Amino acid sequence: MSPAEPVKFYQVGSFAAGNRLVPAELRTVQADAARTNSLTSGHRACQGCGEALGARYVLDAAMRATDGKLIAVNATGCLEVFTTPYPETSWRIPWMHSLFGNAPAVATGVAAALEARGRSEVRVVAQAGDGGTVDIGFGALSGMFERDDDVLFVCYDNQAYMNTGVQRSGATPPAARTATTEALGPEPGNPFGQGKNMPALAMAHGLGYVATATVAELHDLEAKVVRAMELRGARYLHVFVPCPLGWASEPADTIRIARLAKESGLFPVFEAERGEVTRVSPIRHRVPVEDYLGLQGRYRHLFGADGSVARPDIVGRIQALADANIARYGLLEP
Amino acid sequence: MLCQIEGSRAVADTVVACRPEVVCAYPITPQTHIVEAVGAAVKSGALAPCQFINVESEFAAMSVAIGASATGARSYTATASQGLLFMIEAVYNASGLGLPIVMTLANRAIGSPINIWNDHSDAMAVRDSGWVQLFAETNQEAADLHVQAFCLAEELSAPVMVSMDGFLLTHAVEQVDVPTQAAVDAFLPPYEPRQVLDPADPASIGAMVGPDAFEEVRYLVHLRQLQALDRIERIAERFAEAFGRRSGGLVTRYRSEDARVVVVALGSIVGTLKDVVDVLRERGERVGVIGVTTFRPFPHAAIAEATANAERVVVIEKALSPGVGGILSTDVLSAIAEGKHRVATVVAGLGGRAITERSLLVLLDDALAGRLEPLEFLDLDRGVAERQLARLADVRRSGAIPENILRDIGVTGFAPHLGLAQ
């Protein structure tokens, strides 16, 4: 089977399918010619950027869900830099960037001001990469969660500090090569640790809504944004966004890699309310983790020149992580 | 209305009268009484629809204020010492974004060693942040400065920090005429933001600026600060007309016109210095005081004018730039004509050490007699310092310096690592 075939099959059979197959009211926001284009064209993201794709879908869906009454707060990072090189901006919605670690708190301030000024119909989305979420912004995020401030916080997780040149973050997976976890020594790449499971941490705060999504299933991503905007209080959305630059992958493989992350079990896609998982997106066609890893240069040290697995010990440990996710979230259940 | 009231409470009541819309609070001594009282006003419903947010850090406190101010809400917080340092990234950000946040700084020392008492190290640490920095001499002035601070901040679209000495002012109960709601309403117009996050008129705030424009952006921040000099005086005059008392302004001058020796200082020590000046004046000595109410922007012209006739200028500093000495005195030096005066820096009152009238009298006698070194440390026990220096030269692992000094002066007595118990 050539690598292209599963993708083709998926485009027919999944939510990523063409809108012509679904009723008009279920079509994507992006299919609507009158969509906001919250993040409009001309920005400076890399080719194949998962974050730019994810942010466009998230914000356009949020704009439609709030009837255009939306303010976005952005942490420092790729999304901030590639959209607003002064004096240009790609944002067609009110948008603010303050600092790297304070987006959750700035968003709290925006929501508080709207409440104080009698404008609580205007809603607030805060967004950050994984560094701004799980590392430097974690304290502020946990505070915002605990207070249940009326903010949807979206993490675009590309698993490292890409804007500064691909350094390890608290969300970098085991064995991945980054500029600070080089593919050297007996255990190349990022060490195996406990990981920082941000969706689980969000659930532990008892939030009204926590969801994960990938840029491979954009209908699903939009639906989760819409669901989140139906609710008040703190909500959390964790979006898996491949990064061709940092992952040393082909720009054309961004969607495929996102899909394989889910289909391998490495990235569980689910929704949770008040700390309990309420819906899981099941794996449709389970794949071994090497199918996912093999498309990415950051795992090249695990493979031989012919593409065969050269470090079965390490790949086995990664497979065990996927298997644990599958068991924990019931990803293979119908 | 005149009442016997704690300084913190007087400030809190005044802030409430300014009708803030978002207040963020994180506890740090000696600022806590202020936000406690504002929080109670919000909780009671008296300040509705104001939002009072208990945040998880000072970094979040300033960040919430940033978001709220950018969304058009009058925003306030208070902090001190380590708290100011923890929020410092957001302090710079608020100024760069031109957000008219008002913050009370209950001045306190910075560790290590940890110390909760008063000095001005915290305010000095943010002197280049682009905030307007005002210093209150009394609790009356501390209260009044907050009304003026909101006015100034919103006129300029720049943040304003009101410094009041921790404990010396924040916890002192004295008579204060707390501005009434009606008077504040008449003085302080509603906040009209210069730029606001609004779906009806989408703007991108906080864009990245490269070498092509950054210098001009910073230059404009400098110009904005210079404009403040003028506005601060005008607001203080308008305040005097409305409230019948003088508070704020750039500098306060006390018996300085014909003074041979002029003392320059910030904050509540100016009051003590006025008493010392009175004593010396009775003895026929020509001594005067200049209180720097506006520290940033620095009132160069006002300082130059006020010191023009003096032979000597003594700057009392409640802060120290290690390796340099004075901080305020470098500003004073830059303000006065080069070579015209002898300027002495006197570091005093660090970490809450009392600055007594007696010590100041000795100091000013020395100043009058021309005996002051360019850098003096008031009431420094050199013997204690020398013992520690000798210990450091003797034993590599000679223990923690603060503990050794406390033992030397008899506060604690056990030192097993030195093999000596007293």
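Scroll up to find the structure.
This report concerns the structure included in the present document. The structure presented is a predicted model; accordingly, all values stated were derived computationally and were not measured. (Residues numbered from 1 in each chain as written. Chains lettered and ligands numbered in written order. Predicted model: local features only at pLDDT ≥ 70, side-chain atom pairs only at ≥ 80, totals over all residues. Heavy atoms only, no water.)

Each partner contributes residues to the interface: chain B has 37 residues there, and chain A has 38 residues. When the two sides are added together, the surface that chain B and chain A hide from each other amounts to roughly 2800 Å², 65% of it contributed by carbon and sulfur. Across the pair Arg119(A) and Asp198(B) runs a salt bridge, and its minimum N-O distance is 3.2 Å. Breaking the side of chain B that touches chain A down by element, the ones donating at least two residues are strand S3 (51–54), helix H3 (58–70), helix H5 (88–96) and strand S9 (204–205) of chain B. If one sorts the elements of the side of chain B that touches chain A by residue count, H3(B) sits on top with 8 residues. (Contact = heavy atoms within 4.5 Å. Buried area = accessible area lost by both parts, 1.4 Å probe. Salt bridge = Lys/Arg side-chain N within 4 Å of Asp/Glu carboxyl O. Helix = DSSP H or I, 4+ residues; strand = E, 2+ residues; numbered from the N terminus.)

Residues and elements named next belong to chain B. Residues of helix H15 (residues 401–408) that are buried: Asn404, Arg407 and Asp408. The buried residues of H15 occupy an angular sector of 100° when the element is viewed end-on, so they sit on one face. One or two residues past the end of H15 sits Gly410, with phi positive at roughly 90°. (Buried < 20%, exposed > 50% of the residue type's maximum accessible area, 1.4 Å probe, protein only. Arc of directions from axis to C-beta.)

Before going further, it helps to spend a moment on the pattern of salt bridges. Tallying each qualifying case throughout the model produces 41 salt bridges over all chains. In this structure, the salt-bridge partner of Arg234(B) is Asp230(B), at a minimum N-O distance of 3.8 Å. With Arg234(B) and Asp230(B) both in helix H9 (residues 214–243), this residue pair falls 4 residues apart, about one helical turn. What makes Arg234(B) partly exposed here is its relative accessible area of 46%. Since its relative accessible area comes to 48%, Asp230(B) is described here as partly exposed. One continuous salt-bridge network, built from bridges that share partners, spans Arg123(A), Asp150(A), Arg232(A) and Arg235(A).

Here we take up the packing of helix H1 (residues 7–17) of chain B against helix H7 (residues 139–156) of chain B. Residue and element names in this part refer to chain B. Two numbers describe how H1 lies on H7: the axes approach to 9 Å, and their chain directions differ by 20°. Between H1 and H7, the angle is such that the two are roughly parallel. Taken as a pair, H1 and H7 cross one another with a handedness that is right-handed. Of the residues in H7, those touching H1 at Gly7, Ala10, Val11, Thr14 and Val15 are Asn139, Ala142, Ala143, His146 and Val147. The class makeup of the residues in the contact of H1 with H7 is 6 nonpolar, 4 polar and no charged. (Axes fitted to C-alpha atoms, helices over the stretch in contact; angles between N-to-C directions. Parallel < 35°, antiparallel > 145°, perpendicular 65-115°, else oblique. Left-handed = near helix turned anticlockwise from the far one by under 90°. Nonpolar A, V, L, I, M, F, W, Y, C, P; charged D, E, K, R; others polar.)

With that settled, the discussion passes to the sheet that holds S9(B). Judged by pairing direction, the sheet is mixed, and its 9 strands sit side by side in the order S8(A)-S7(A)-S5(A)-S6(A)-S4(A)-S3(A)-S1(A)-S2(A)-S9(B) without closing on themselves. Every interior strand has two partners, whereas the edge strands, strand S8 (276–280) of chain A together with S9 of chain B, have only one. In this sheet, strand S6 (residues 235–240) of chain A lies alongside strand S4 (residues 152–157) of chain A in parallel orientation, the contact comprising 6 bridges. Opposite Asp157(A), over in S6(A), you have Phe240(A) as the bridge partner. (Pairing = 2+ DSSP bridges.)

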